[in-house]
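# Fold and geometry: a report
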Amino acid sequence: MQRIHLGLKLLSASLLSIALLYLGCSPRPNIQGKGETFMQGVWNQDSVAFSSKLSNYTQHHFKFTCDSFYVDLTTHSKVNFYEDSCYNNGIWKEYAKGVYAVRGDTLFLGGTFTHANYKQKISGCYRIGRYEKNFLIKKSTANTLLLQSLSDQQEINLALKQNITCVPKEL
């Protein structure tokens with residue numbers, strides 16, 4: 001009799017635990033995050049300091065919308081790093097998209113290289129695969145954003161070209 005009573009107690013405790021876990025662990029909504037308000041918009045790097053003296057440099061064009069980013073990278077190079085059909089007289093564009101996060105004074109970008117239409121790129125000229133960059137946010141005002149690459153310490157001075165209001169979309 002005591003065995004049956006003990007078995008019922010264990011069964012009751014197990015069912016109660018399962019019910020609490022089920023009710024307490026609900027899935028997160030399948031919706032895009034809001035990102036950072038001060039980042040929302042289209043940002044251009046209009047010029048690169050000392051570009052005439054550099055053997056290669058890249059200009060950045062960012063679009064931050066909610067927690068997503070899109071970046072167009074225009075590279076100018078006096079040195080051919082690629083096969084001749086890709087070199088394009090020393091000027092070429094690359095594209096990437098992904099998600100970003102700001103922690104303290106650091107911007108983390110994680111995404112993939114894409115084609116110009118932001119569809120995944122798996123072959124072709126220039127870089128493919130993951131786009132991972134981290135920047136120190138040195139200055140942020142309503143119309144300017146000064147970033148410093150944590151990989152090569154180059155500064156990227158961005159000017160706001162268009163405001164964007166985040167409207168989270170379903171994923």
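What you are looking at is a predicted structure, and each value in this text was computed from that prediction instead of being measured.

## A look at the pairing of strand β6 (residues 130–140)
- Pairing analysis gives seven bridges linking strand β5 (residues 106–114) to β6, with the strands arranged antiparallel. Bridging across to β6, Gly110 finds its partner in Glu132.
- Bridge count for β6 against strand β7 (residues 144–149) is five bridges, and the pairing is antiparallel. Counterpart to Lys139 in the pairing with β7 is Leu146.
- In this structure, the hairpin formed by β6 and β7 is closed by a connection of three residues.

## A look at the packing of aromatic side chains
- Across all of its chains, the model carries nine aromatic pairs by this definition.
- Where Phe113 meets Tyr131, the ring centres are 5.5 Å apart and the plane angle is 90 degrees; that geometry is what we call edge-to-face. Of this pair, Phe113 sits in strand β5 while Tyr131 sits in strand β6, and the two are 18 residues apart along the sequence.
- Assessed through its relative accessible area of 4%, Phe113 is described here as buried.
- Over the ring of Tyr70 we find Lys63, and its NZ or CZ is 5.8 Å from the ring centre.

## Things to note about the side chain of Gln32
- The residue Gln32 is located in the loop between α1 (2–24) and β1 (41–44) in this model.
- Among the polar contacts listed, one links the side chain of Gln32 to the side chain of Asp67, at a separation of 3.4 Å.
- Of note is the side chain of Gln32, whose polar atom sits 2.9 Å from the side chain of Ser68.
- Those residues in contact with Gln32 that lie beyond four places of it in its chain are Thr65, Cys66, Asp67, Ser68, Val167, Pro168, Lys169 and Leu171.

## What to know about the nonpolar core
- Within the largest apolar cluster, 21 residues are counted, with the highest numbers of intra-cluster contacts made by Phe62, Phe64, Tyr100, Leu107, Leu109, Tyr131 and Leu147.
- Elements with a minimum of two residues in this core: β2 (56–65), β3 (68–77), β4 (91–103), β5, β6, β7 and β8 (155–163).
- Every residue in contact with Tyr100, bar those within four places of it in the chain, is listed here: Gly35, Glu36, Met39, Gln40, Phe64, Cys66, Asp67, Ser68, Phe69, Leu107, Phe108 and Leu109.

## Quick notes on unusual backbone geometry
- Despite not being glycine, Phe50 shows a phi value in the positive range, around 60 degrees.
- Of note, Phe50 is situated in the loop between β1 and β2.
- We classify Phe50 as exposed; its relative accessible area is 62%.
- Backbone geometry at Tyr118 places phi at a positive 65 degrees, although glycine is not the residue there.
- Looking at where Tyr118 falls in the secondary structure, it is placed in the loop between β5 and β6.

## Regarding the environment of His115
- By secondary structure assignment, the location of His115 is in the loop between β5 and β6.
- For His115, a relative accessible area of 38% gives the class partly exposed.
- Distance from His115 to Glu94, taken between C-alpha atoms, is 7.4 Å for residues 21 residues apart in sequence.
- The contact partners of His115, leaving out residues within four places of it in the chain, are Tyr95, Gln120, Lys121 and Ser123.

## What to know about the state of the cysteines
- Applying the stated criterion across every chain yields a total of two disulfides.
- Between the sulfur atoms of Cys66 and its disulfide partner Cys166 the distance amounts to 2.1 Å. Taking the sign of the torsion about the S-S bond as the criterion, the disulfide between Cys66 and Cys166, at about 110 degrees, is right-handed. Of this pair, Cys66 sits in the loop between β2 and β3 while Cys166 is found in the segment after β8, placing the two residues 100 residues apart along the sequence.
- Residue class for Cys66 comes out buried when judged on its relative accessible area of 1%.
- Covalent S-S linkage joins Cys86 and Cys125, the inter-sulfur distance amounting to 1.8 Å. Its S-S torsion of about -70 degrees marks the bond between Cys86 and Cys125 as left-handed, since a negative value means left-handed. Residue Cys86 is located in helix α2 (residues 84–87), and its partner Cys125 is located in the loop between β5 and β6; the two are separated by 39 residues in the primary sequence.

About the cut-offs
- Residues numbered from 1 in each chain as written.
- Predicted model: local features only at pLDDT ≥ 70, side-chain atom pairs only at ≥ 80, totals over all residues.
- Heavy atoms only, no water.
- Pairing = 2+ DSSP bridges.
- Helix = DSSP H or I, 4+ residues; strand = E, 2+ residues; numbered from the N terminus.
- Phe/Tyr/Trp six-rings, centres within 6.5 Å; stacked < 30°, edge-to-face > 60°.
- Buried < 20%, exposed > 50% of the residue type's maximum accessible area, 1.4 Å probe, protein only.
- Lys NZ or Arg CZ within 6 Å of the ring centre and 35° of its normal.
- Polar contact = N/O pair within 3.5 Å; in protein donor to acceptor, adjacent residues only side chain to side chain.
- Contact = heavy atoms within 4.5 Å.
- Core = buried A, V, L, I, M, F, W, Y, C linked by side-chain atoms within 4.5 Å.
- Disulfide = S-S within 2.5 Å.

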